[in-house]
Every structure is written in structure tokens, then in C-alpha cells.
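Structure assessment
Listed here are the chains, written in short residue letters.
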Amino acid sequence: MIKTFDKLGSLLREVKKFYSHDKYLSKHYKKFFSSFLEIIKRITIENNWFRIEDLLITFDQWGKTLKKEKLEAWMSKYYFTKKKYKKILVIMPGNVPMVGFHDFLCVILSGHKIIIKLSEEDNLLLPFLCKIIIHEKPMLKNKIKFTNNIFYEKFDYVIATGNNNTSRYFEYYFRKYPVLLRKSRTSIAVLQGRETEEELILLNKDMLTYSGRGCRNVGKIFIPHDYNVHWILKKSFISEYITKNYKYTDNYKYYLSIYTMNKVSFQKNHFVILKEEKNYHSPISVVYYEFYNNLNQLKKIIVENSNDIQCIVSKNFLEKETLFGKTQYPKLENYADEIDTIQFLNG
């Protein structure tokens with residue numbers, strides 16, 4: 001099974017290389033190539049949030065992750081008993097490309113059958129990749145099923161990802177099943193005033209990759225009380241990437257006009273707005289910031305609000321922190337909401 005996903009990782013690396021460099025694809029993957037190009041084209045047409053640049057970021061991340069040695073090291077930490085395998089219903093989000101792939105990987109490598117309910121925003125890429133996986137490993141055909149109506153399906157366990165509103169419906173409807181339920185989260189950054197120019201550039205990447213739509217995007221920054229917010233706004237290489245997305249720029253113009261008309265204080269450059277705010281969940285094109293005076297006190301505040309936080313971007317602040325520029329490159333063992341999916345499935 002690991003060999004199959006290793007090959008998939010190799011394909012994703014080849015596609016990323018094709019678009020980024022020499023337009024060359026190895027012979028092993030040419031049979032999938034024209035179909036892959038067509039799927040990529042369809043995705044960018046049907047969902048304007050998913051541009052070719054975003055898909056290449058996803059291919060790069062999973063291409064670097066799906067390698068034999070990494071998969072084996074990850075799986076070696078678990079003990080799988082020879083018991084009856086389950087049918088796992090996975091309700092996937094669609095805010096960023098392939099955002100539900102980690103759950104898919106956990107279910108398949110655990111030996112269970114998966115029933116997938118895709119988001120309308122991201123309903124093309126995973127079915128295509130599954131065709132490739134099944135071509136490499138035909139026995140998986142009976143392990144993978146896509147559904148449009150969960151009410152007609154029989155399943156044993158549920159993994160569901162949604163926002164805080166949909167989670168209430170999930171909790172009620174799946175109350176009789178073991179369920180792993182994920183709600184709305186965002187990521188934060190903690191600056192201490194000693195960050196390098198490169199780290200501030202990478203912070204912009206953490207803020208705006210995938211147009212800031214993912215739970216791993218930094219939506220709030222904690223900064224020292226005497227910090228100049230404009231240092232963050234000046235250090236960006238991501239301007240061209242983000243301003244080409246008209247749906248993002250529409251959000252930027254909307255919040256710029258709303259804040260201006262209501263005389264709300266904010267800082268900005270030509271593609272992102274920084275607003276002082278206690279809240280953690282900022283809208284698209286806006287990143288909140290908050291001043292702090294004491295790092296130890298800030299640690300307590302972050303712990304108290306941990307249910308809202310996916311990643312903490314910082315340097316030498318907390319043990320469980322994410323390096324600048326790495327929010328969209330989680331390791332296999334970096335589970336969403338810090339809930340071990342493999343352990344849940346083996347329960």
C-alpha cells in the first residue's frame with residue numbers, strides 16, 4: 001500500500017516539475033498526463049479560488065510528503081490488529097485543494113473502507129487521483145467509494161469537517177456513531193521583535209497562501225507593544241500571487257470600503273489589511289493583530305484559546321510551534337486539531 005502512495009507522490013512531483021521547469025514528464029506517467037492536464041483546467045474553471053498556482057502548492061506539499069521512507073516511519077508508530085475492518089464515512093471540506101487527503105490516507109493505510117462525501121468546491125481532484133491509485137493497486141477499488149447522499153450509506157465511524165454551525169448538525173445526526181468532528185480553526189503568529197527580514201516575508205506566505213482560506217493560514221498576529229506594524233506590510237514577495245485572484249481582491253476592496261466608511265482604524269498595503277482586534281477569526285483579505293506586554297501571560301492566553309488555534313507560528317516561543325513559512329507543509333504526524341486520526345480509527 002505504501003508503495004502505491006509513494007508512486008502517487010512521484011507523479012505529483014513530476015507534474016509540479018512539468019509546470020515549473022522543463023515541461024518534461026517521465027515515460028511512466030505519460031498515460032495519466034493528458035487527463036491530469038484536463039482535470040487541472042476544469043478545476044481552475046469551476047472554482048475560481050483554486051488557481052494553477054494553488055494547485056502547484058498542493059502538489060508540491062504532497063509530493064514532498066508521499067515518500068516511502070516518510071510513510072513507513074509514520075506507520076511504524078502504530079500497531080494494527082487483525083480485526084474486522086470498518087466502513088469510515090469522511091465528510092471533506094473544500095476550502096483548499098485536497099484538504100481532506102490526509103484523512104483519506106489515514107483510512108486507507110489503516111486498512112479500512114472509506115465512503116467519501118466531497119465538498120462541491122473540491123470534487124474533481126481526489127476522484128481522479130483515486131483512479132490512478134486503483135490503477136496501481138486494483139484491490140483498492142473495493143475500498144474506496146464516493147457518495148452524494150450520506151443518508152443512503154451504511155458506515156461504522158465518521159470523520160466530519162465543517163464550520164461551527166455545521167458541526168452542531170453533525171453532532172446531532174451522528175450522535176449514535178464514534179465521530180471525529182472538526183470545527184472552525186485559524187492559525188496565529190507570535191512576533192517577538194527579533195524576526196529577520198526573511199521570516200517576515202515567510203509570515204506573509206503563512207497569511208496568504210491559498211488566499212488565506214485555510215485553517216493553517218495565519219489570521220491573527222500577536223506583536224510586542226512597541227512594534228511597528230508596517231514592518232509586516234513591507235516584507236512581502238506574495239503580492240503578484242495574491243492580486244491575480246479577483247475573488248480575493250473583491251474581498252479586499254469590500255473590507256477596505258467598509259472599514260473606511262465606518263472610520264475603523266486599520267493598516268494596509270495594496271493587498272492585505274491589518275486590523276487591531278481581540279477576535280481570532282479574521283475575514284478573507286484581513287489579518288487581525290493584538291499587542292502584548294508579557295510573553296508568559298500571552299502563553300496562558302493562547303492555551304485558554306487553544307480550541308480556536310490550528311498552528312502557532314513563532315521562533316523559540318513554544319514547544320509545539322510551526323516555523324515561519326511552514327504552515328502549509330505539515331508532517332504526516334501533524335494531525336488536524338491535534339487529534340490522532342489513526343488512533344481514532346483503531347479504537
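Our subject is the structure listed above.
Described below are features of the structure shown in this document.

Concerning the sheet that holds strand E4 (residues 157-161)
With respect to topology, five strands assemble into an open sheet ordered E3-E2-E1-E4-E5, the strand pairing being parallel. Across the chains shown, the open sheet's two edge strands, defined by having one partner strand only, are strand E3 (144-146) and strand E5 (179-182). With direction set aside, neighbouring strand axes in the sheet form an average angle of 15°. In the sheet, E4 pairs with E5 via four bridges, with the strands oriented parallel. For Thr161, the partnering residue across the bridge sits in E5 and is Arg182. Sheet contacts for helix H6 (residues 125-136): strand E2 (113-117) and E3; angle to E3, the most-contacted strand, approximately 155°.

Looking at unusual backbone geometry
Positive phi is not limited to glycine here, since Lys263 has a value of about 55°. Relative to the assigned elements, Lys263 resides in the loop between helix H11 (246-261) and strand E8 (267-268). Relative accessible area serves as the criterion here: at 77%, Lys263 is assigned to the exposed category. With phi around 85°, Ser285 is a residue other than glycine that occupies positive phi space.

Observations regarding the side chain of Ser285
Turning to its location among the elements, Ser285 is positioned in the loop between strand E9 (273-276) and strand E10 (286-292). Residue classification places Ser285 among the buried residues on the basis of a relative accessible area of 4%. A distance of 3.4 Å separates a polar atom in the side chain of Ser285 from the backbone oxygen of Asn251.

Some details on the packing of aromatic side chains
This model, assessed by the stated rule, comprises 22 aromatic pairs. Centre to centre, the rings of Phe36 and Phe128 are 5.0 Å apart; their planes meet at 55°, and the pair counts as tilted. You can see Phe36 sitting in helix H2 (residues 30-46) and its partner Phe128 sitting in helix H6, a full 92 residues away along the chain. The pair Phe36 / Phe128 is uniform in exposure class, with both members buried. An aromatic cluster is present here, built from Phe151, Phe155, Phe170, Tyr173, Phe174 and Tyr177 joined pairwise through their rings. A cation sits over an aromatic face here: Lys86 above Tyr157, 4.9 Å from the ring centre. Here Lys220 stacks its cationic end above the ring of Tyr280, 4.7 Å away from the centre of that ring.

The rules behind the values
Residues numbered from 1 in each chain as written. Predicted model: local features only at pLDDT ≥ 70, side-chain atom pairs only at ≥ 80, totals over all residues. Heavy atoms only, no water. Pairing = 2+ DSSP bridges. Helix = DSSP H or I, 4+ residues; strand = E, 2+ residues; numbered from the N terminus. Axes fitted to C-alpha atoms, helices over the stretch in contact; angles between N-to-C directions. Contact = heavy atoms within 4.5 Å. Buried < 20%, exposed > 50% of the residue type's maximum accessible area, 1.4 Å probe, protein only. Polar contact = N/O pair within 3.5 Å; in protein donor to acceptor, adjacent residues only side chain to side chain. Phe/Tyr/Trp six-rings, centres within 6.5 Å; stacked < 30°, edge-to-face > 60°. Lys NZ or Arg CZ within 6 Å of the ring centre and 35° of its normal.

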